Amino acid sequence: MKSHLGQDSRIHDRHSYSVVAAEYYDAELHPTCADFRLASKVFLERLFGKEKIVGRVADIGCGRSLLREMISPTSRFELVLVDDSDEMLAHNGPNTFEVRKTDVEAMPFGDCEFEWVFAILGDPYNISQAWKNINRALRYGGRCVFIIPSFVWAREFRKKGSHERPGFARFVMAGGAELFLPSLIYSPSQQRTLIENAGLRANAMDHVLVDDVPCVRSRKISEFLSGGDPIIDIYRAEKFQ
Ligand SMILES: C[S@@+](CC[C@H](N)C(=O)[O-])C[C@H]1O[C@@H](n2cnc3c(N)ncnc32)[C@H](O)[C@@H]1O
């Protein structure tokens, strides 16, 4: 298994979502992932309720695509699913959407093609090259919605949790094995710089608060955040004309 640090086989590179894919969506085994997903859904429902999402839309790092769940009989967007893990893509079952198996850190996933790019829980690939590929994939005037676990949570949790490592998410697998996958969560000003260095305009930041979600299952969240704290941060970026 490839690893960032060479000697430590428990620290995996970005391709290793395949390793957790079989149990990633099991909310009993991975309640923290389930809570962040639920918060992302709360945000998407708000967004789809107030903005028109039309045209070609990429869901990058889609896993089991939440955008699929936003499709209704009146939807007017064409969804393209992008992920570098076959096993995560397989969560979408056989479907009629275009699928691109692409590592967004290593190669473009589109060229002036998309009105919207969504990255839902995009912290594993929140690096400069992926942002440049987002810029490249967007049409002029196109927008990106990038959702990550909140900076407030990451700072508190990864500082106090004795088993944690900065820059990684720790997964304890059903069989007891522990593994670390990249999770890059920056302060708002650092994140803005990352977005703007890729040539995009960082034009808004939003949050979903703990109190906004119907329930929080994970003690990794409830023990570190109170009701008024953000559970996820959402960055909005635009490719200017
Ligand atoms: C935290 S999961 C989120 C999955 C999904 N968006 C959701 O909300 O359930 C991150 C996803 O990003 C994918 N991923 C990680 N690094 C990637 C990369 N470099 N290129 C494309 N996909 C990547 C993983 O395979 C995984 O499906």
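Everything that follows concerns the structure shown earlier in this document.
What comes next concerns the included structure. (Residues numbered from 1 in each chain as written. Predicted model: local features only at pLDDT ≥ 70, side-chain atom pairs only at ≥ 80, totals over all residues.)

### Here we look at the sheet that holds strand β2 (residues 76-83)
Item 1. Taken together, seven strands build an open sheet; the order of strands is β3-β2-β1-β4-β5-β9-β8 and the sheet is mixed. Edge positions in the sheet fall to β3 (98-101) and β8 (201-209), since each of these pairs with one other strand and no more. Ignoring which end each strand starts from, the neighbouring axes of this sheet average 20 degrees apart.
Item 2. Summarising the sheet, strand β1 (residues 54-60) and β2 pair through seven bridges and their orientation is parallel. The residue bridging Ile60 from the neighbouring strand is Val82, located in β2.
Item 3. In the packing of helix α4 (residues 128-137) onto the sheet, the strands contacted are β1, β4 (114-120) and β5 (138-149), and the crossing angle to β5 comes to about 145 degrees.
Item 4. Packed on one face of the sheet, helix α6 (residues 188-197) meets β8 and β9 (230-238) and runs near 140 degrees to β8. (Pairing = 2+ DSSP bridges. Helix = DSSP H or I, 4+ residues; strand = E, 2+ residues; numbered from the N terminus. Axes fitted to C-alpha atoms, helices over the stretch in contact; angles between N-to-C directions. Contact = placed C-beta atoms within 7 Å.)

### Points about helix α2 (residues 31-50)
Item 1. The first and last C-alpha atoms of α2 sit 29 Å apart over 20 residues, in line with the 28 Å expected at 1.5 Å per residue.
Item 2. The complete set of buried residues in α2 reads Thr32, Cys33, Asp35, Phe36, Arg37, Leu38, Ala39, Ser40, Phe43 and Leu44.
Item 3. Packed against the buried residues of α2 are α1 (17-24), β4, β5, β8, α7 (219-222) and β9. (Expected span 1.5 Å × (residues − 1). Buried ≥ 20, exposed ≤ 12 C-beta atoms within 10 Å, placed from the backbone.)

### Comments concerning the environment of Leu89
Item 1. Considering the arrangement of structural elements, one finds Leu89 in helix α3 (residues 86-89).
Item 2. Each C-alpha atom, one on Leu89 and one on Gly61, is 8.9 Å from the other, the two residues being 28 residues apart in sequence.
Item 3. Beyond its immediate stretch of four places on either side in the chain, Leu89 contacts Leu81, Asp83, Val99 and Lys101.

### Considering the environment of Asp229
Item 1. Relative to the assigned elements, Asp229 resides in the loop between α7 and β9.
Item 2. Sequence spacing of Asp229 and His207 is 22 residues, and the spatial spacing of their C-alpha atoms is 9.0 Å.

### Overview of the pairing of β5
Item 1. Within β5, nine of the twelve residues are buried, which leaves the element mostly enclosed by the surrounding structure.
Item 2. Viewed along the sheet, the connection from β4 through α4 into β5 turns out right-handed.
Item 3. In this structure, β5 lies alongside β9, joined through seven bridges in antiparallel fashion. Within the sheet, the bridge partner assigned to Ile148 lies in β9 and is Asp233. (Right-handed = clockwise from strand over helix to strand, strands pointing away.)

### What to know about the site of the ligand
Item 1. Near the ligand you find 20 residues, and of these Tyr17, Gly61, Gly63, Ser85 and Met88 are the closest.
Item 2. A class-by-class count of the residues in the shell around the ligand yields nine nonpolar, four polar and seven charged. (Near = placed C-beta within 6 Å. Nonpolar A, V, L, I, M, F, W, Y, C, P; charged D, E, K, R; others polar.)

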